[in-house]
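# Remarks on the overall topology
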Amino acid sequence: MSGHFVCATCGQSHDGLPTDWGFKLPDDVWAIPATGREAAARFTDDLCQYGERHFIRGLLSVPLPDIASDFGWGVWAEVDAAVFQRYLDLYDANGSSEPLYSGTLANSLPGYVSSLHAPVSIQFLDSAQRPLFRLSERDRSTLAIEQRTGIDSARYHQILDALQAYEAASRPGAQEEREDAAPDRSTLCISCSHVVDDGDSVLVVSHSGGDWVLLCGHTDHSHDEDDGTLRILHWQHLVDRDPSLEDMIPALEVDYSAERTVVGGEWRIFFDPDTDD
């Protein structure tokens with residue numbers, strides 16, 4: 001799926017830039033130490049079973065109108081056992097006449113902050129093609145919108161930057177090269193007026209680019225430099241008010257963020273590289 005085009009962002013002619021990306025395994029399975037992964041889960045290039053959880057690999061396409069092509073994400077979806085079994089039954093057959101099935105994305109896509117666990121519809125195809133994944137028309141996430149409308153060359157470059165950062169963070173030895181993620185009491189962080197002034201709970205913590213940002217999760221402020229809702233303070237003041245933050249923050253590495261729906265709820269950690277540099 002390579003293309004040749006003049007990029008509107010850099011003005012250069014590109015030949016063969018990557019227009020696909022594949023995940024070897026679901027994130028939760030890939031997170032198992034390599035020495036014990038095969039003992040904990042059963043998997044092939046297309047199928048994965050981890051305890052009572054079932055996953056299938058498919059294709060999620062995002063249009064690239066500038067080169068009349070698509071960016072293909074090879075991702076995994078978690079499905080019910082019945083869907084998993086139906087896919088097995090049709091693995092060597094043509095399943096294109098099957099109804100749509102449901103699942104949730106099992107990978108956090110670089111460049112998208114909320115792809116993990118996003119609901120998808122699954123369309124089986126013939127035996128030579130992996131299933132197609134599509135997000136709901138009602139989904140207002142960036143990934144869903146871009147799957148419907150496509151991305152321009154500038155956004156395409158952002159995706160490539162995010163993938164490069166992801167690869168760098170995943171290479172052997174990268175963990176040791178990162179700066180210590182745990183702040184001390186004097187470390188400054190950015191927050192918002194909803195948290196600092198109004199007493200709202202912190203539901204989003206970001207360590208993207210090495211900066212600490214603790215937010216309420218609302219969408220009615222931009223957090224730009226000129227945004228009047230920004231507040232700068234020592235992070236420990238927020239931890240003193242909500243001790244549950246202290247257990248999670250030291251574990252959050254550089255270029256990762258976390259979110260939860262309620263105080264005391266489970267944190268969802270995802271790769272969130274700073275691509276502005």
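Residues numbered from 1 in each chain as written. Predicted model: local features only at pLDDT ≥ 70, side-chain atom pairs only at ≥ 80, totals over all residues. Heavy atoms only, no water.

Take the packing of aromatic side chains next. Summed over the entire model, instances satisfying the criterion amount to seven aromatic pairs. With centroids separated by 6.3 Å and ring planes inclined at 80°, the aromatic side chains of tryptophan 21 and phenylalanine 23 adopt a geometry described as edge-to-face. Here tryptophan 21 and phenylalanine 23 have matching classes, each one buried. When the centroid spacing of 6.4 Å and the interplanar angle of 65° are considered together, the rings of phenylalanine 71 and tyrosine 156 count as edge-to-face. Here tyrosine 156 lies in helix H5 (residues 153-170) and phenylalanine 71 lies in strand E7 (residues 69-79), a separation of 85 residues in the sequence. Here the two residues phenylalanine 71 and tyrosine 156 agree in accessibility, since each one is buried. Among the aromatic residues, ring-to-ring pairing joins Phe71, Trp73, Tyr112 and Tyr156 into one connected group. (Phe/Tyr/Trp six-rings, centres within 6.5 Å; stacked < 30°, edge-to-face > 60°. Buried < 20%, exposed > 50% of the residue type's maximum accessible area, 1.4 Å probe, protein only. Helix = DSSP H or I, 4+ residues; strand = E, 2+ residues; numbered from the N terminus.)

Structurally, serine 114 can be placed in the loop between strand E8 (101-105) and strand E9 (119-123). Setting aside residues no more than four positions away along its own chain, serine 114 makes contact with Ser141 and Arg268. (Contact = heavy atoms within 4.5 Å.)

This next bit is on the nonpolar core. Ranked by size, the top nonpolar core spans 44 residues in total, and within it Ile56, Leu60, Trp73, Ile122 and Phe133 carry the most contacts. Here the element with the most residues in this core is E7; it accounts for six residues. Filtering out sequence-adjacent residues up to four positions away, tryptophan 73 remains in contact with Trp21, Phe23, Gly58, Leu59, Leu60, Val62, Leu109, Pro110, Tyr112, Ile159 and Leu163. (Core = buried A, V, L, I, M, F, W, Y, C linked by side-chain atoms within 4.5 Å.)

Another aspect to go through is unusual backbone geometry. Its identity as a non-glycine residue notwithstanding, alanine 68 has a phi of 50°, on the positive side. Within the secondary structure, alanine 68 sits in the loop between strand E6 (53-64) and E7. Judged by its relative accessible area of 76%, alanine 68 falls in the exposed class.

Moving on to helix H4 (residues 142-149). Within the sequence span of H4, burial applies to Leu143, Ala144, Glu146 and Gln147. Of the residues one or two after H4, glycine 150 is the one with positive phi, at around 90°.

A cluster of nonpolar side chains, namely Leu188, Ile190 and Ile232, defines an oily patch on the protein surface of about 290 Å² accessible area. A relative accessible area of 30% means that isoleucine 190 is categorised as partly exposed. (Patch = residues over 30% accessible without salt bridge, like charges linked within 9 Å, V, L, I, M, F, W, Y side chains within 5 Å. Areas by Shrake-Rupley, 256 points an atom, 1.4 Å probe, with all protein chains shown as cover. Salt bridge = Lys/Arg side-chain N within 4 Å of Asp/Glu carboxyl O.)

Moving on, we come to the state of the cysteines. Here, the word disulfide means a covalent bond between the sulfur atoms of two cysteines. If you walk through the whole model with that rule in mind, you get zero disulfides. Not part of a disulfide, cysteine 192 finds its nearest cysteine sulfur in cysteine 216, a span of 3.7 Å. A residue is classified by how much of its surface remains accessible, and cysteine 192, at 0% relative accessible area, is buried. (Disulfide = S-S within 2.5 Å.)

Time to look at the pairing of strand E5 (residues 47-50). Note: strand E4 (residues 42-43) against E5, two bridges, orientation antiparallel. Bridge pairing links phenylalanine 43 to cysteine 48 in E5. With antiparallel pairing between neighbouring strands as the criterion, E4 and E5 make up a hairpin whose turn holds three residues. Inspection of the sheet shows E5 paired to E6 by four bridges, in the antiparallel sense. Directly across from glutamine 49, in E6, lies its bridge partner histidine 54. Hairpin connection from E5 to E6: two residues lie between these consecutive antiparallel strands, with glycine 51 at a positive phi of about 65°. (Pairing = 2+ DSSP bridges.)

Moving on: the pattern of salt bridges. Scanning all chains against the criterion turns up nine salt bridges. The salt bridge involving arginine 148 is made with glutamate 137; its shortest N-O contact spans 3.8 Å. Placement of the pair is arginine 148 in helix H4 and glutamate 137 in the loop between strand E10 (132-135) and H4, with a sequence separation of 11 residues. With a relative accessible area of 22%, arginine 148 lands in the partly exposed category. Between glutamate 146 and arginine 155 there is a salt bridge, with its nearest N and O atoms 2.9 Å apart. Grouping residues by exposure puts glutamate 146 and arginine 155 together as buried. Overlapping salt bridges, with partners in common, bring together Asp28, Arg53 and Glu78 in one network.

We now examine helix H3 (residues 81-89). When H3 is considered as a whole, its buried residues turn out to be Val83, Phe84 and Tyr87. Along the axis of H3, the buried residues cluster in a sector spanning 100°; they form a single face. Structurally, H3 contributes buried residues whose contacts are with E5, E6, E7 and E8. (Arc of directions from axis to C-beta.)

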